[in-house]
Amino acid sequence: MAARGHSRDALGRIVRSATVRACLPGSMADSPREGKVARPPDFTQLIDLASEFVGGKILFATDDFFAPAENLLKRDNPRFKEHEYTEFGKWMDGWQTRRKRIPGHDGCVVQLGIQGAIRGFDVDTSYFTGDHAPRVSIQAANFEEDKQPEIPQREVRTGTAATPEEFEAISELKSDDWSCLVPMTEIKPGNSASSHNYFPVNSQQRWSHIRLNIFPDGGIAPLRVYSTGQKDWTAGDPKEPLDLVTIAYGGACVGFSSAHFGHPNNITGVSTAKSMEDGWETARRLDRPLILENDENGILLVPGCEWAVFRLAHPGVITQIEIDTKYFKGNSPESCKVDGCILTMQEEENMVRQKWDLLGHKWKPLLPVTNLKPDEMHVLDSLTPELQDVITHAKFTITPDGGVSRLDSRASPALSASCGPVRSP
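Anyway, here's the lowdown on the structure attached to this text. (Residues numbered from 1 in each chain as written. Predicted model: local features only at pLDDT ≥ 70, side-chain atom pairs only at ≥ 80, totals over all residues. Heavy atoms only, no water.)

**Remarks on the overall build of the chain**
Phase 1: Across its full length, the chain carries four helices and 22 strands.
Phase 2: Within the chain, the proportion of its 425 residues that are buried is 53%.
Phase 3: The long-range fraction of contacts in the chain, counting pairs at least 24 apart against all pairs at least 6 apart in sequence, stands at 83%.
Phase 4: Put simply, the chain shows about 20,300 Å² of open surface, and 51% of that area lies on carbon and sulfur atoms. (Helix = DSSP H or I, 4+ residues; strand = E, 2+ residues; numbered from the N terminus. Buried < 20%, exposed > 50% of the residue type's maximum accessible area, 1.4 Å probe, protein only. Contact = heavy atoms within 4.5 Å. Areas by Shrake-Rupley, 256 points an atom, 1.4 Å probe, with all protein chains shown as cover.)

**Quick look at the layout of surface pockets**
Phase 1: Taken as a whole, the largest pocket holds about 820 Å³ of empty space.
Phase 2: Lining the largest pocket are 29 residues, with Thr-44, Leu-46, Arg-75, Arg-224 and Tyr-226 sitting closest to its centre.
Phase 3: Elements with a minimum of two residues in the lining of the largest pocket: strand E1 (47–48), strand E6 (106–124), strand E9 (196–200) and strand E12 (223–229).
Phase 4: Residue composition of the lining of the largest pocket, grouped by class: 12 nonpolar, 10 polar and seven charged.
Phase 5: When its volume is computed, the second largest pocket comes out at roughly 600 Å³.
Phase 6: Counting residues per element, the ones that place at least two in the lining of the second largest pocket are strand E14 (252–256) and helix H4 (345–353). (1 Å grid on protein atoms, 1.4 Å probe; cavity = no way out; pocket = protein on both sides within 12 Å on 5 of 7 lines; lining within 4 Å. Points joined across faces, edges and corners; volume = space filled by probe spheres on them. Nonpolar A, V, L, I, M, F, W, Y, C, P; charged D, E, K, R; others polar.)

**Let's talk about the packing of aromatic side chains**
Phase 1: Going through the model one piece at a time under the given rule, you end up with nine aromatic pairs.
Phase 2: Judged by centre distance (5.3 Å) and plane angle (25 degrees), the ring pair of Phe-80 and Tyr-127 falls under stacked. Pair noted here: Phe-80 is in the loop between strand E2 (57–61) and strand E3 (85–86) and Tyr-127 is in the loop between E6 and strand E7 (135–141), with a separation of 47 residues, a long-range link.
Phase 3: Residue classification places Phe-80 among the partly exposed residues on the basis of a relative accessible area of 38%.
Phase 4: Look at Tyr-127 and you get partly exposed, because its relative accessible area is 38%.
Phase 5: Taken together, the ring pairs connect Phe-43, Tyr-198 and Tyr-226 into an aromatic cluster. (Phe/Tyr/Trp six-rings, centres within 6.5 Å; stacked < 30°, edge-to-face > 60°.)

**Notes on the pattern of salt bridges**
Phase 1: Across all of its chains, the model carries 19 salt bridges by this definition.
Phase 2: Close ionic contact of Asp-287 with Arg-285 constitutes a salt bridge, the shortest N to O distance being 2.9 Å.
Phase 3: You can call Asp-287 partly exposed: its relative accessible area is 36%.
Phase 4: A salt bridge links Arg-410 to Asp-408; the nearest nitrogen and oxygen atoms lie 3.1 Å apart.
Phase 5: Classification of Asp-408 as buried rests on a relative accessible area of 13%.
Phase 6: The network of salt bridges with common partners includes Asp-64, Glu-70, Arg-154, Arg-157 and Glu-166. (Salt bridge = Lys/Arg side-chain N within 4 Å of Asp/Glu carboxyl O.)

**Considerations on the nonpolar core**
Phase 1: Grouped together as the largest cluster of nonpolar side chains are 36 residues, with contacts concentrated most on Leu-72, Ile-118, Phe-121, Ile-210 and Leu-212.
Phase 2: Elements that contribute at least two residues to this core include exactly E2, E6, E7, strand E8 (179–186), strand E10 (207–215) and E12.
Phase 3: If you tally residues by element for this core, the top one is E6, at seven residues.
Phase 4: When near neighbours in sequence (up to four residues on either side) are disregarded, Phe-121 contacts Phe-43, Ile-138, Leu-181, Val-182, Asn-197, Tyr-198, Phe-199, Val-201, Ile-210, Arg-224 and Val-225.
Phase 5: One finds Leu-244, Ile-318, Ala-394 and Phe-396 within the second-largest nonpolar core, a separate group that totals 27 residues. (Core = buried A, V, L, I, M, F, W, Y, C linked by side-chain atoms within 4.5 Å.)

**So, the pairing of E10**
Phase 1: Judged by how many residues are buried, E10 sits mostly within the fold: nine of nine residues are covered.
Phase 2: Summarising the sheet, E6 and E10 pair through seven bridges and their orientation is antiparallel. Note on E10: the bridge partner recorded for Gly-107 is Asn-213.
Phase 3: Sheet topology note: the E7/E10 ladder contains seven bridges and is antiparallel. By the bridge assignment for E10, Ser-137 is matched with Asn-213. (Pairing = 2+ DSSP bridges.)

This is how it looks when you write it as structure tokens:
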């Protein structure tokens with residue numbers, strides 16, 4: 001990595017041929033080829049561990065002249081403002097470095113918001129048509145939370161390059177020695193039909209940091225790091241109830257009926273929702289009655305339901321369920337229920353192919369049909385202890401449709417139930 005105005009000593013520790021040597025062809029990732037991917041690969045259905053939405057942050061960037069590296073972590077799709085300029089040049093919704101006039105290349109270091117096993121990257125070059133980064137490579141490392149070097153907090157900025165002090169601080173991570181997940185590879189410019197550069201990764205290791213190298217300079221729109229979270233189940237108190245559906249530990253949505261306004265993975269996020277955009281919301285069902293009525297017991301007569309199935313991060317016994325409808329004031333569900341079952345990975349794969357047309361007797365009720373209120377947190381106990389059982393999957397059903405911001409299933413991991421952690425796909 002290199003930028004203007006750095007001392008030779010600081011620069012030498014960062015810019016070494018080791019970066020290039022570590023990312024020669026033959027590493028874990030498959031290089032994309034023109035026409036190889038007809039549609040987004042399956043891994044793009046996973047969560048983005050680098051997103052600002054889950055706490056991802058930029059620790060270091062060699063240069064932020066035209067647009068800051070923080071733009072790489074934006075959750076939203078990139079935008080283009082045709083006639084907007086800053087004092088440094090064209091406004092771009094991505095990370096863009098100056099045209100390099102000194103030795104070296106540019107790059108940045110990202111601390112993932114959630115540690116996990118990376119399944120693939122999307123290096124997006126949207127709208128960078130004459131100034132995209134021609135080639136990239138990606139490295140990764142894993143640091144335990146209590147062993148991470150102290151890196152001074154960055155401020156979002158433009159028109160600047162990294163200082164010698166920032167180079168000195170980031171050198172403590174020894175990032176040029178990190179494992180290479182994507183070798184140096186040519187990427188495509190940001191035309192509408194070719195802006196996504198997908199890189200599948202075949203690594204089972206958990207990663208906490210990545211280093212994106214661009215050769216030699218240029219622009220990139222969002223960088224997506226698709227993965228499933230992972231937790232060390234041998235650490236901590238085994239009796240402490242944990243949220244086993246959260247994406248932070250490896251929970252994942254493996255099937256759903258509708259995701260018109262938001263994917264069900266959103267409701268297993270690591271922080272409280274900031275708006276309806278952070279939740280799961282379905283379309284209004286087309287089979288809803290023209291005039292709604294109640295039955296003789298005062299229950300609203302509405303046909304149909306929507307559902308989402310989650311693989312728990314670890315088999316466990318669910319004891320409490322929290323359902324938050326925050327922000328859903330005129331579009332929350334009328335009611336919900338939760339069921340659970342035990343499935344092997346092969347059974348899950350079969351069910352995905354069958355779109356979860358699972359026989360009713362497989363599901364065991366965890367939470368009976370329960371009315372939900374708009375814009376409110378609902379803390380609900382699961383079944384009585386004598387009826388509880390270890391499960392691997394949970395099905396969350398809402399009636400008839402609507403939106404939920406968060407689902408939290410407090411459970412005791414089944415560490416002693418001769419039932420190991422659920423394998424990630």
